[in-house]
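Working through the structure, step by step
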Amino acid sequence: MSDFDVLVIGAGVTGLTTAVRLHEAGRRVLVLEARDRVGGRLWTDTVDGVRLEVGGQWVSPDQTALLGLIDELGLDTYARHRAGDSIYIGRDGVRRTFRGEQFPVPDATAAEMERLTKELDRLAGLMDPLRPWEHPDAERLDRISFAAWLDEQTEDAEARDNIGLYIGPAMLTKPAHAFSALSAVLMAASAGGFSHLVDADFILDRRVAGGLQQVPLRLAEKLPGLVKLGEPVTLIDFSGYDVSVHTERAAYSAPRVVVAVPPTLVNRIRYQPALPPVQTQMRQHQSFGLVMKIQVTYDAPFWRSEGLSGTAFSPYALVHESYDNTNEDLGEARGTLVGFVSDEKADEILGLPADERRARVLASLAGYYGERALEPVAYHESPWAADEWTAGAFGTSFDIGSWVRYGRHLHEDVGPLTFVSSDVAGLGFQHVDGAIRMGDATAARLLGR
Ligand code: FDA
């Protein structure tokens, strides 16, 4: 008899949700995790005396699977600070403040942005986010880059740059010429529509008290002794009746295995026999985006006393978006800003010496918030770009043409092996909500429900 009914590889939210649901149904499960902590891309850490969300942190109202799990785990949420004016730096280089969703752009640009938002909402409304390749216009939309699609749609460069910003730097974290228009529509459909992506107060609505890593930490508490840390899986042998899963320390066996790691890491594990060609090929067309999440703490949230919310955007600035990220649940007197440097801008600064990089980022923040932004008490850059067990941020996405070419194979099992993560989710794609949906669905399937 096997040691376990199901082995789960990866103690991110996807793997832990799968394992908890199976355990609750009386199945014998074991989770094998490479790192010495659970949570994967969720990591709440205290650095230089500041509690930071190094990975994911925000929850939006459409993320009902995540909101449900937060409730189930007895966690509380709180609102992101948002009172006051937001800041926008436009194509003319001028800094302007504004309220609401609409950036302070020329009227013609605002009209174009509204038209494009409606068109992307329409296209997203025609998509089942679990099956993007079945979209009525999938063939055409998957063959052209989002940048080329935007070029076709409007001659207004600032409208293109802003619409591109919401999906490119802010979500898929790739340049708009590096992913298809179909991937852009998926990003919108997975969040309930493009209109949600343009509304920061919706998409970045709430945070979890104590940090979002509380979700995987509490899930792991429901699996006492059943999560093995520091055990990277190196080989999966599914040539016999039972699958044997080898780590650097031991081997475990079970009739079913759930590989809950990002698609890019699936092929780092050896398989015996080899995975079918389409599975190996498909994952070579999925790649991580790149974004640096930068958190800068000041002795006070000085922007608030200047009537600013802390929210700032510019497709033309190094830091393309920035928000007040003060830990309201701790009642902190200090203030923290979180800013993001994405794709080609991240390439540009990642090669610089650390002090030069920091100076560039602070100068960009000073462009939004003024000279006081240059004097932080703490400065932190997220480490995901070179992290062995993630190697990018926020998530992975297909290159141009690959949704139509490979999408239908994405949810196929290979014999007793299931491959799953937030990056193959429909609703909640590349988000914690999607990780939970994928974990719940995988467990239900294995339980025959
Ligand atoms: P995840 O990558 O978390 O877990 C996979 C696990 O597998 C890891 O623990 C890894 O160590 C392990 N593993 C890999 N290879 C292994 C091997 N060979 N053997 C054993 N273990 C192995 N989402 C959101 O909802 N709101 C947000 O605000 C954000 N913001 C955000 C910011 C940043 C900086 C990042 C990086 C990500 C986000 N996200 C987010 C995305 C969100 O964090 C992400 O979608 C989910 O946490 C992914 O969960 P998974 O379990 O699918 O993968």
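Residues numbered from 1 in each chain as written. Predicted model: local features only at pLDDT ≥ 70, side-chain atom pairs only at ≥ 80, totals over all residues. Heavy atoms only, no water.

Turning our eyes to something else, we now look at the site of the ligand. Surveying the vicinity of the ligand reveals 36 residues, the closest of which are Thr14, Glu33, Arg41, Trp58 and Ser422. The contact in question runs from an oxygen atom of the ligand to an N or O atom on the backbone of Gln57, over 3.0 Å. In the model, an oxygen atom of the ligand is placed 2.8 Å from a nitrogen or oxygen of the Ser422 side chain. Contact with the protein chains hides 98% of the accessible area of the ligand, taken as 1000 Å² for the molecule alone. In terms of residue class, the shell around the ligand is made up of 20 nonpolar, 12 polar and 4 charged. Residues lining the shell around the ligand come from more than one domain, with at least three contributed by each of domain 1 (6-40 + 213-275 + 414-446) and domain 2 (44-82 + 203-212 + 290-386). (Near = heavy atom within 4 Å. Polar contact = N/O pair within 3.5 Å; in protein donor to acceptor, adjacent residues only side chain to side chain. Areas by Shrake-Rupley, 256 points an atom, 1.4 Å probe, with all protein chains shown as cover. Nonpolar A, V, L, I, M, F, W, Y, C, P; charged D, E, K, R; others polar. Domains from an automatic or database assignment.)

Entries for the protein in the domain assignment read domain 1 (6-40 + 213-275 + 414-446), domain 2 (44-82 + 203-212 + 290-386) and domain 3 (105-198). For domain 1 and domain 2, the distance between their C-alpha centres works out to 30 Å. Domain 1 puts 18 residues into the contact, and the matching count from domain 2 is 19 residues. If you sort the residues of domain 1 by the area they bury against domain 2, Gln213, Val215 and Arg218 come out on top, with a joint share of 34%. Glu72 is the salt-bridge partner of Arg21, the closest N and O atoms lying 2.9 Å from each other. Taken together, domain 1 and domain 2 are joined by 10 residue pairs in polar contact (both at pLDDT 80 or more). (Contact = heavy atoms within 4.5 Å. Buried area = accessible area lost by both parts, 1.4 Å probe. Salt bridge = Lys/Arg side-chain N within 4 Å of Asp/Glu carboxyl O.)

A separate point is the environment of Ala385. Here Ala385 is to be found in the loop between strand 20 (378-381) and strand 21 (396-398). Here the alpha-carbon distance between Ala385 and Val291, two residues 94 residues apart in the chain, equals 7.5 Å. Beyond its immediate sequence surroundings of up to four residues, Ala385 is in contact with Leu290, Leu350, Ala391 and Gly392. (Helix = DSSP H or I, 4+ residues; strand = E, 2+ residues; numbered from the N terminus.)

With mixed pairing, 7 strands are arranged side by side in an open sheet as 7-6-17-18-19-16-20. Looking along the sheet, the strands with just one partner apiece sit at the ends: strand 7 (95-98) and strand 20. Within this sheet the neighbouring strands show an average axis-to-axis angle of 20 degrees, counted without direction. Alignment of strand 16 (residues 291-298) against strand 19 (residues 335-342), held across 8 bridges, turns out to be antiparallel. Looking across to strand 19, one finds that Gln295 is bridged to Val338. Contacting strand 16 and strand 19, helix 14 (residues 343-350) runs over the sheet at an angle of about 100 degrees to strand 19. (Pairing = 2+ DSSP bridges. Axes fitted to C-alpha atoms, helices over the stretch in contact; angles between N-to-C directions.)

Another aspect to go through is the sheet that holds strand 9 (residues 227-228). Taken in spatial order, the 5 strands make up an open sheet running 9-2-1-13-22, and their pairing is parallel. The open sheet has two edge strands with one neighbour each: strand 9 and strand 22 (417-419). For strand 1 (residues 6-9) and strand 2 (residues 29-32), the ladder comprises 4 bridges, and the chain directions are parallel. Counterpart to Leu7 in the pairing with strand 2 is Leu30. Sheet strands in contact with helix 1 (residues 13-24) are strand 1, strand 2, strand 9 and strand 13 (256-259), and its direction is about 165 degrees off that of strand 2.

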